[in-house]
Amino acid sequence: MRINHNIQALNAYSKLSKNQIATGKALEKLSSGLRINRAADDAAGLAISEKMRGQIRGLQQAEKNAMDGVSLIQTAEGALSEVHDMLSRMRELAVQAANGTLTETDRTVIQDEINQLRQQIDRVGNDTQFNTKKLLNGSLSENARNRSLYGDIFYSEGGGGLRDIKIDAASSLPAGNYKMNVVTDSKVLNMEGIDDTYYTGLENFLLSPDTDLAAGEYKMYLEAKVTADPETLKIPESKLEDGNYTIVGDEENGIIYRADKDGKPVGSPLGKATDLLGIQADQINDGTTFTQSTTYTLTVKNGDEVVGKAENISFNNEEPINIYKVKEDNGKYVEDKDAGNIGLTVDFTNTGAKYVKRGGALEGEPYHSFKIDKLQRPSVILKDENDKVIAHQFVDNDRKFIEFGNTGITFGTGVVKAGETATNIVVRETLENASLTFQVGTNAGEVIALGISDIRTKALGIDKFKLTDETSASNAIAIIDGAIDKVSQVRSKLGAYQNRMEHTVNNITQSTENLTAAESRIRDADMAKEMTEFTKLNIINQSATAMLAQANQLPQGVLQLLKG
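Residues numbered from 1 in each chain as written. Predicted model: local features only at pLDDT ≥ 70, side-chain atom pairs only at ≥ 80, totals over all residues. Heavy atoms only, no water.

1. Some points on the packing of helix α2 (residues 43–97) against helix α6 (residues 470–523)
Heads up, the condition is: Axis lines are fitted to C-alpha atoms, over the contacting stretch for helices. Their N-to-C directions set the angle, which ranges from 0 to 180 degrees. For helices the rule is a DSSP run of H or I covering at least 4 residues; for strands it is a run of E covering at least 2, with both sets numbered from the N terminus onward. Should an angle fall under 35 degrees it is taken as roughly parallel, and over 145 as roughly antiparallel, whereas 65 to 115 is taken as roughly perpendicular and any remaining angle as oblique. Definitions for this section: a left-handed crossing has its near helix turned counterclockwise from the far helix by less than a right angle. A right-handed crossing has that turn clockwise. Under the convention adopted here, Pro, Cys and the residues Ala, Val, Leu, Ile, Met, Phe, Trp and Tyr are nonpolar, Asp, Glu, Lys and Arg are charged, and Gly plus all remaining residues are polar.
It is at 7 Å that the axes of α2 and α6 come closest, and there the two elements cross at 165°. Of the possible angle classes, the one that applies to α2 and α6 is roughly antiparallel. Relative to α6, the crossing made by α2 is left-handed. Here the residues of the contact of α2 with α6 are counted per class, giving 34 nonpolar, 14 polar and 11 charged.

2. Some words on the nonpolar core
Our working definition: Put simply, a nonpolar core is a bunch of buried Ala, Val, Leu, Ile, Met, Phe, Trp, Tyr and Cys residues held in one set by side-chain atoms that sit within 4.5 Å of each other. Any residue under 20% of the maximum accessible area for its type is buried, any over 50% is exposed, and the rest in between are partly exposed; the area is computed with a 1.4 Å probe on protein chains only. Working rule for contacts: check all heavy atoms of both residues, and any pair within 4.5 Å makes them a contact.
L87, M90, L136 and L467 are the most contacted members of the largest nonpolar core, which totals 46 residues. Counting only elements with at least two residues in this core, the list comes to α2, α3 (104–127), β25 (436–439), β26 (447–450) and α6. The element that contributes the greatest number of residues to this core is α2, accounting for 14 residues. With sequence-adjacent residues up to four places away left out, M90 is seen in contact with I114, L117, R118, I121, I462, F465 and I480. Core analysis: the second largest hydrophobic core is formed by 23 residues, V307, A310, F348 and L362 among them.

3. Thoughts on the pattern of salt bridges
Under the convention used in this document: Any carboxyl oxygen of Asp or Glu within 4 Å of a side-chain nitrogen of Lys or Arg constitutes a salt bridge here.
What the rule picks out here adds up to 21 salt bridges. Residue D168 pairs with K134 through a salt bridge whose shortest N-O separation is 3.7 Å. Here K134 lies in strand β2 (residues 133–134) and D168 lies in the loop between β5 (163–167) and β6 (176–183), a separation of 34 residues in the sequence. Across the pair K325 and D212 runs a salt bridge whose closest N-O atoms are separated by 3.3 Å. In this pair, K325 is assigned in the loop between β15 (321–324) and β16 (326–329) and D212 in the loop between β8 (202–207) and β9 (216–229), connecting sequence segments 113 residues apart. Of the residues examined, D212 reaches a relative accessible area of 62% and is grouped as exposed. Where salt bridges share partners, they join E28, R38 and D41 into one cluster.

4. Re the packing of α2 against α3
Here α2 crosses α3 at 165°, and the two axes come no closer than 10 Å. Put simply, α2 runs roughly antiparallel to α3. By crossing handedness, the relation of α2 to α3 is classed as left-handed. Residues A79, V83, M86, L87, R89, M90, L93, Q96 and A97 of α2 touch α3, and the partners they reach there are R107, I110, E113, I114, L117, R118, Q120, I121 and V124. Along the lines of polarity and charge, the residues of the contact of α2 with α3 split into 12 nonpolar, 2 polar and 4 charged.

5. Describing the environment of L207
Here L207 is to be found in strand β8. L207 sits in the buried class, given a relative accessible area of 3%. Separated by 158 residues in the primary sequence, L207 and S49 have C-alpha atoms spaced 71 Å apart. Among all residues touching L207, those that are not within four sequence positions of it are K187, V188, L189, G343, L344, I372 and H392.

6. Structural notes on the confidence of the model for the chain
Selection criterion: Looking at any residue, its pLDDT shows the predictor's confidence there, from 0 to 100.
For the chain, per-residue confidence averages 86 on the pLDDT scale, and 94% of positions sit at 70 or higher. In the model of the chain, strand β22 (residues 401–404) stands out as the element of lowest mean pLDDT, 69, in contrast to strand β1 (residues 129–130), which has the highest, 94.

7. What about the pairing of strand β21 (residues 389–394)?
This is how it is decided: Note on pairing: DSSP must find at least two bridges between two strands before they are called paired.
The sheet contact formed by strand β20 (residues 379–384) and β21 spans 5 bridges and is antiparallel. Paired with S379 across the two strands is F394, which belongs to β21. Where β20 hands over to β21, the hairpin turn is made up of 4 residues, of which D387 adopts a positive phi near 70°.

8. Details of the side chain of N190
Quick note on the threshold: Polar contacts here mean pairs of N or O atoms no more than 3.5 Å apart (in protein, one a potential hydrogen donor and the other a potential acceptor; neighbouring residues in sequence count only if both atoms are side-chain atoms).
Mapped onto the elements of the fold, N190 is located in strand β7 (residues 186–190). Here N190 falls in the buried class, since its relative accessible area comes to 16%. A polar side-chain atom of N190 sits 2.8 Å from a polar atom in the side chain of D373. The contact partners of N190, leaving out residues within four places of it in the chain, are F370, K371 and D373.

9. Quick look at a negative patch on the surface
Threshold: Patch membership requires more than 30% relative accessible area and the absence of a salt bridge. Residues of like charge join within 9 Å; the nonpolar side chains Val, Leu, Ile, Met, Phe, Trp and Tyr join within 5 Å. We get accessible surface area from the Shrake-Rupley algorithm with a probe of 1.4 Å; when it comes to residues, only the shown protein chains can shield them. In this tally, Lys and Arg are treated as positive and Asp and Glu as negative; His is ignored, and so are the chain termini. By convention, the point assigned to a charge is CZ for Arg, NZ for Lys, CD for Glu and CG for Asp.
Together, D250, E251, D282 and D286 make up a negatively charged patch on the protein surface. Checked against the element boundaries, D282 lands in the loop between α4 (273–277) and β13 (289–302).

10. Points about the packing of aromatic side chains
Basically, it comes down to this: Any two rings among Phe, Tyr and Trp, with Trp reduced to its six-membered ring, count as a pair given centres within 6.5 Å; such a pair is stacked if its planes are under 30 degrees apart, edge-to-face if over 60, and tilted if neither. Lysine and arginine charges are scored as sitting over a ring when NZ or CZ, respectively, is within 6 Å of the ring centre and within 35 degrees of the ring normal.
Under the definition given, this model contains 4 aromatic pairs. Ring centres of Y218 and F370 lie 5.6 Å apart, and the angle between their planes is 10°; this geometry places the pair in the stacked category. With Y218 in strand β9 and F370 in strand β19 (residues 367–375), this pair connects stretches of sequence that are 152 residues apart. The exposure classification of Y218 matches that of F370, with both residues buried. Centroid distance Y221 to Y367: 5.6 Å. Interplanar angle 50°. Geometry classified as tilted. In this pair, Y221 sits in strand β9 while Y367 sits in strand β19, placing the two residues 146 residues apart along the sequence. The class for Y221 is buried, based on a relative accessible area of 16%. The residue whose ring lies beneath R118 is F465, and the NZ or CZ to ring-centre distance is 4.6 Å. In this structure, K219 is placed above the aromatic ring of Y367, and the distance from its NZ or CZ to the ring centre is 4.3 Å.

11. What to know about α3
Here is the rule: What a helix is expected to span follows from its residue count: subtract one and scale by 1.5 Å.
Between its first and last C-alpha, α3 extends 34 Å over 24 residues, near the 34 Å set by a 1.5 Å rise per residue. The set of residues buried in α3 consists of R107, I110, Q111, I114, L117, R118, I121, V124 and G125. In this structure, the buried residues of α3 make contact with α2, α5 (457–460) and α6.

What follows is the structure in structure tokens.
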């Protein structure tokens, strides 16, 4: 028997300590509900569990992303529904305008509503947004023609108002070099009291506030020069619209037909050649095929003084026409491009035009009158590299941020001063895939890309047509049908993507559920099993405590020996 070392007590104490540690772990698992509370519990299991947790949280966010994508698509599709309604109304108006019972005045009223609908479609395209991201202006399409500024803009010294010029990616400005300047005495157009606005087919007059033209009354006269190919056929008084024609029959019997690409007559007869071409019967030969084309000259007068001219203008001119200063040549005034323009542009269309259709001689001496007034109000003017005015904007000096009309140009402004300039505003156009990408998975690259096309009037091809007569109205019906088809394609695509996104949400939800179950099997504690283990350890602890007490009593046997 030994008294210095109670081996039995040490053994009991060791077992008790181990059981208490095991009991503490069991209590931790029961109180936390987790089988793995620290890496020591299961190093490999912890690594797998943490990876799964990252996946689960990623899937939960991906589900939110997909739902945001559905909301974005619904926003765009709702706007397109209104565009469809407006296009249907435009088609209804075109069908009405094609009816022969209508007068020019009736069609002019119809055209006014068409123009308003155009503006509203453009507004929807420019302003429909989700989280400040514009959806329908083409900036998010697969083939977006985005604009950006290139290089340094040169601001004039001493100015503090014209600053911080930027451009919207969806701007419609053509690529090129632009400049801006400030004037404080602005010239403005005044159309009040003008009753001949639609007589010439000229519209959208744009006057630069810094024009050299003095305040006063002006008239813009329109002259036509009709020619034929071959040039041997002289038809200055032709009543035909420009196009390809053929004559069937000689002299008095000659009848005009439209001609196909091979010069053969197509469609119904248009009338007698002598009446339509304004020429003598002896100039008419059977089988003569010709192409008629008309060029126009615009002349601006202040009283009897010629102040501006634009020559060799075609009816289908896509860009606004620049009116140039004039010089005298052999007793006539001709345009002088070297001297620059007069600060006036105009679109040449046939909006309710009484005289101009699509070519041919004009009746009388058609003109468009306008007035120029002068205001004591500052303006900022945007011009291209050829000094053609693109846009201008009145500036109130208490405003800090200005959007330049519909050009996509914006600039900050303090107090502007006369003579301030900004040059070398280089706009470049790049073709980009600017599709939206929705992160709908938990890993890199798990995205859905969606491109949304431009639905503004120019992209739909409905920005130019005019309802001037039965023929143009009939042609407009086909143009509008094409626009309706384009919008339908965009809406169908959005609908398909919305369905896909909703299925994606369902799939993510199911994946999250399954992955959570797998992570739970690794990380979570089996409460029944842990309770059984805890009960066992609790009983063992009680037994070990009792046995430690007994072991501590064993050395007392030595006292009996000492008594003997």
